Amino acid sequence: MGRNLGRAGLSQKSRDAGPSHRGRGATAAAPESRCRKSHAPSRMEGASGTVWRLGGSSILPRLRSGPPISRHPAQTDARNTMRLFAISDIHIDYPDNAQWVEQVSDADYRDDILILAGDLTEDRRLLAWCLGRFAAKFRQVLFVPGNHDLWVRHEPADMCSLRKFEHVVDIATEAGVSMYTYRYGNTVIVPLLGWYDYSFGTPDSDLGKLWMDYRACRWPEGFDPARVTEHFLDLNPETVPHPRPGERVVTFSHFLPRIDLIPFFVPRAMRHLDPVLGSTGIERQLRALGSHLHIYGHSHINRRVRLDGVTYINNAFGYPQEGAIAARRLIEIIDET
Ligand SMILES: [Fe+2]
Ligand SMILES: [Fe+2]
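Residues numbered from 1 in each chain as written. Chains lettered and ligands numbered in written order. Predicted model: local features only at pLDDT ≥ 70, side-chain atom pairs only at ≥ 80, totals over all residues. Heavy atoms only, no water.

J.: What is the right way to look at the overall build of the protein chain in this model?
T.: Within the protein chain, the regular secondary structure consists of 9 helices and 13 strands. Within the protein chain, counting contacts between residues at least 6 apart in sequence, those at least 24 apart form 78% of the total. Carbon and sulfur atoms make up 51% of the accessible area of the protein chain, which amounts to about 13600 Å² in all. (Helix = DSSP H or I, 4+ residues; strand = E, 2+ residues; numbered from the N terminus. Contact = heavy atoms within 4.5 Å. Areas by Shrake-Rupley, 256 points an atom, 1.4 Å probe, with all protein chains shown as cover.)

J.: Would you explain helix 3 (residues 95–103) in this entry?
T.: In an α-helix there are 3.6 residues to a turn, and that puts residues three or four apart on one side. For helix 3, every residue scored as buried is listed here: N97, A98, W100 and V101. Down the axis, helix 3 shows its buried residues gathered within 150° of arc, on one side only. For helix 3, exposure combined with an orientation more than 90 degrees from the buried face picks out P95, D96 and Q103. For helix 3, the secondary structure elements touched by its buried residues are strand 4 (84–87) and helix 4 (124–137). (Buried < 20%, exposed > 50% of the residue type's maximum accessible area, 1.4 Å probe, protein only. Arc of directions from axis to C-beta.)

J.: I keep staring at the coordination of the iron ion (ligand 1) and nothing clicks. Help me out?
T.: Between any two of four tetrahedral donors, the ideal angle at the metal is 109.5 degrees; between two of six octahedral donors, it is 90 or 180 degrees. At the metal site, the iron ion (ligand 1) is ligated by D89 (OD), H91 (NE2), D119 (OD) and H300 (NE2), and these contacts range over 2.1 to 2.3 Å. Because the angles between the 4 donor atoms bound to the iron ion (ligand 1) fall within 87 to 169°, the donor set is best described as irregular. Along the chain, the residues donating to the iron ion (ligand 1) fall in the pattern D-x1-H-x27-D-x180-H. Here the iron ion (ligand 1) and the iron ion (ligand 2) are spaced 3.5 Å apart, and both take D119 as a donor. Linking D119 in the loop between strand 5 (113–116) and helix 4 with H300 in the loop between strand 10 (293–296) and strand 11 (303–307), this pair joins segments that are 181 residues apart in sequence. Owing to a relative accessible area of 1%, D119 belongs among the buried residues under this scheme. Owing to a relative accessible area of 4%, H300 belongs among the buried residues under this scheme. (Donors = N, O, S within 2.8 Å, 3.2 Å for Na, K, Ca; no water. Tetrahedral: all angles 85-135°; square planar, octahedral: opposite > 155°, others 65-115°.)

J.: Even after reading the chapter, I still don't get the coordination of the iron ion (ligand 2), so can you show me in this structure?
T.: Around the iron ion (ligand 2), the donor atoms from the protein are D119 (OD), N147 (OD1), H254 (NE2) and H298 (ND1), and they sit 2.1 to 2.3 Å away. One way to put it: the 4 donor atoms around the iron ion (ligand 2) meet at angles of 90 to 160°, and that makes the site irregular. Sequence spacing of the donor residues for the iron ion (ligand 2), all on one chain, is D-x27-N-x106-H-x43-H. For H254, a relative accessible area of 1% translates into the label buried.

J.: How do you make sense of the pattern of salt bridges when you look at a structure like this?
T.: When charged atoms on two side chains of opposite charge get close, those side chains can pair. Scanning the entire structure with this criterion turns up 16 salt bridges. Across the pair E247 and R183 runs a salt bridge, and its minimum N-O distance is 2.6 Å. Here E247 is found in the loop between helix 8 (225–233) and strand 9 (248–252), whereas its partner R183 is found in strand 7 (residues 182–184), with 64 residues between them in sequence. Since its relative accessible area comes to 9%, E247 is described here as buried. R183 sits in the buried class, given a relative accessible area of 2%. A salt bridge links R287 to E283, with the nearest nitrogen and oxygen atoms 2.8 Å apart. Taken as a pair, R287 and E283 lie in helix 9 (residues 280–288) at a separation of 4 residues, close to a single helical turn. Residue R287 is classed as partly exposed on the basis of its relative accessible area, which comes to 30%. (Salt bridge = Lys/Arg side-chain N within 4 Å of Asp/Glu carboxyl O.)

J.: So what exactly am I meant to see when it comes to the nonpolar core here?
T.: As a rule of thumb, nonpolar side chains are buried together in soluble globular proteins. Ranked by size, the top nonpolar core spans 93 residues in total, and within it I90, L116, L131, F134, F143 and F232 carry the most contacts. Every residue in contact with F134, bar those within four places of it in the chain, is listed here: I90, W100, V101, V104, L114, L116 and V141. (Core = buried A, V, L, I, M, F, W, Y, C linked by side-chain atoms within 4.5 Å.)

J.: How should I be thinking about the sheet that holds strand 11 in this particular structure?
T.: The pairing of strands in a sheet comes from backbone hydrogen bonds and takes either a parallel or an antiparallel form. Judged by pairing direction, the sheet is mixed, and its 7 strands sit side by side in the order 3-7-8-9-10-12-11 without closing on themselves. The sheet terminates laterally at strand 3 (75–77) and strand 11, the two strands that pair on one side only. The mean inter-strand angle of the sheet, taken between neighbouring strand axes irrespective of direction, is 20°. The pairing of strand 11 with strand 12 (residues 310–314) spans 5 bridges and is antiparallel. Looking at the pairing, R303 lines up with N314 of strand 12. The strands that helix 9 touches are strand 9, strand 10, strand 11 and strand 12; relative to strand 12, the one it contacts most, it runs at about 130°. (Pairing = 2+ DSSP bridges. Axes fitted to C-alpha atoms, helices over the stretch in contact; angles between N-to-C directions.)

J.: Just to check I follow, could you spell out the sheet that holds strand 13 (residues 331–332) for this structure?
T.: Strands sit in the order 6-5-4-13 across an open sheet of 4 strands; the sheet is mixed. The sheet is open, and its two edges are formed by strand 6 (140–143) and strand 13, each paired on a single side. Looking at chain direction, strand 4 and strand 13 are connected through 2 bridges and run antiparallel. Residue pairing for strand 13: A86 is matched across the bridge by I331.

J.: How should the packing of aromatic side chains be read in this particular structure?
T.: Aromatic ring pairs are reported here in terms of the distance separating the ring centres and the angle at which the planes meet. Here the structure, examined in full by the defined rule, presents 17 aromatic pairs. Judged by centre distance (6.4 Å) and plane angle (35°), the rings of Y182 and Y184 are tilted. An aromatic cluster of three or more residues is present, and its members are F165, W195, Y196, W211, W219, F232 and F255. Over the aromatic face of F223 sits the side chain of R227, whose NZ or CZ is 4.7 Å from the ring centroid. (Phe/Tyr/Trp six-rings, centres within 6.5 Å; stacked < 30°, edge-to-face > 60°. Lys NZ or Arg CZ within 6 Å of the ring centre and 35° of its normal.)

J.: Hey, could you run me through the pairing of strand 10 in this one?
T.: It is a general feature of regular strands that their side chains alternate between the two faces of the sheet. Alternating positions in strand 10 separate into two faces, L293 and I295 on one and H294 and Y296 on the other, with burial throughout. Where strand 9 lies against strand 10, 3 bridges are found, and the strand directions are parallel. By the bridge assignment for strand 10, T251 is matched with H294. In the classification by handedness, the crossover that spans strand 9, the intervening helix 9 and the parallel strand 10 is right-handed. Across 4 bridges, the pairing between strand 10 and strand 12 is parallel. What sits directly across from H294, in strand 12, is Y312. (Right-handed = clockwise from strand over helix to strand, strands pointing away.)

Shown next as structure tokens:
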């Protein structure tokens, strides 16, 4: 998984260059093709109307044969004085949001951990910049990508979202950001990859027109949402490696693990999005891991709630117009149970 970024055309200089929004998508050299076009009909058609299949050098076996995401031996830090912070959905494609990243203190969090629960940007160059900036500010940054991070609207024509995911892993690795299980003091943090598989509801006829992922992502042939979700869940650890008595387990995902995390005040007109919010498979996994506390993103609705013995927290930064439902600040994650 640790290819160097030079092959993807993301130089150290460009990663340090700051949140410029010029030339989006033009920085990446055309990669060799693994996502092949097909003309078979599919629900997951790309913007061009083509669908995508894995070629001979498939991503899938390569991901599984390499060190699996989150099954990597847990990274361990013996210090017990670190604070844990979390945020999601910073969406730095908006310049004001990118400016907020720049303004986070360079001095206040040097002993602390930050969970980034996805949806930073669809632009790989901006992603590298953002992860690098946070890595410089925190002792350790942990990350899972969201749906926006796997959009390929401005990528070369032969890029699919699974291959984009590989690039995102490489960018995180290069920035010193971890997507693996991480242990400090008596806490173990487990990132959970995911997607949505319609386990929260059946899409209505309008969702296909309204939900941008259907046009901004491209998947290999046969990868419907259920298959995409299965693919990512398969990369998650089934158990905490080397569990210790009394250890606190914190998990995090971009997508929602259960639909009742959407609060009652959300209007019925918005509930047509339920099918694309997450997967019950994430809930199944975090329960199997013995999670005490789960951080999630994607809904952009800040919330802290305890359900069936687990505390769930959403701290989305959100879009510029979402100030009323998003706190737009880092929060320290303190287990109050
Ligand atoms: Fe988001
Ligand atoms: Fe999202």
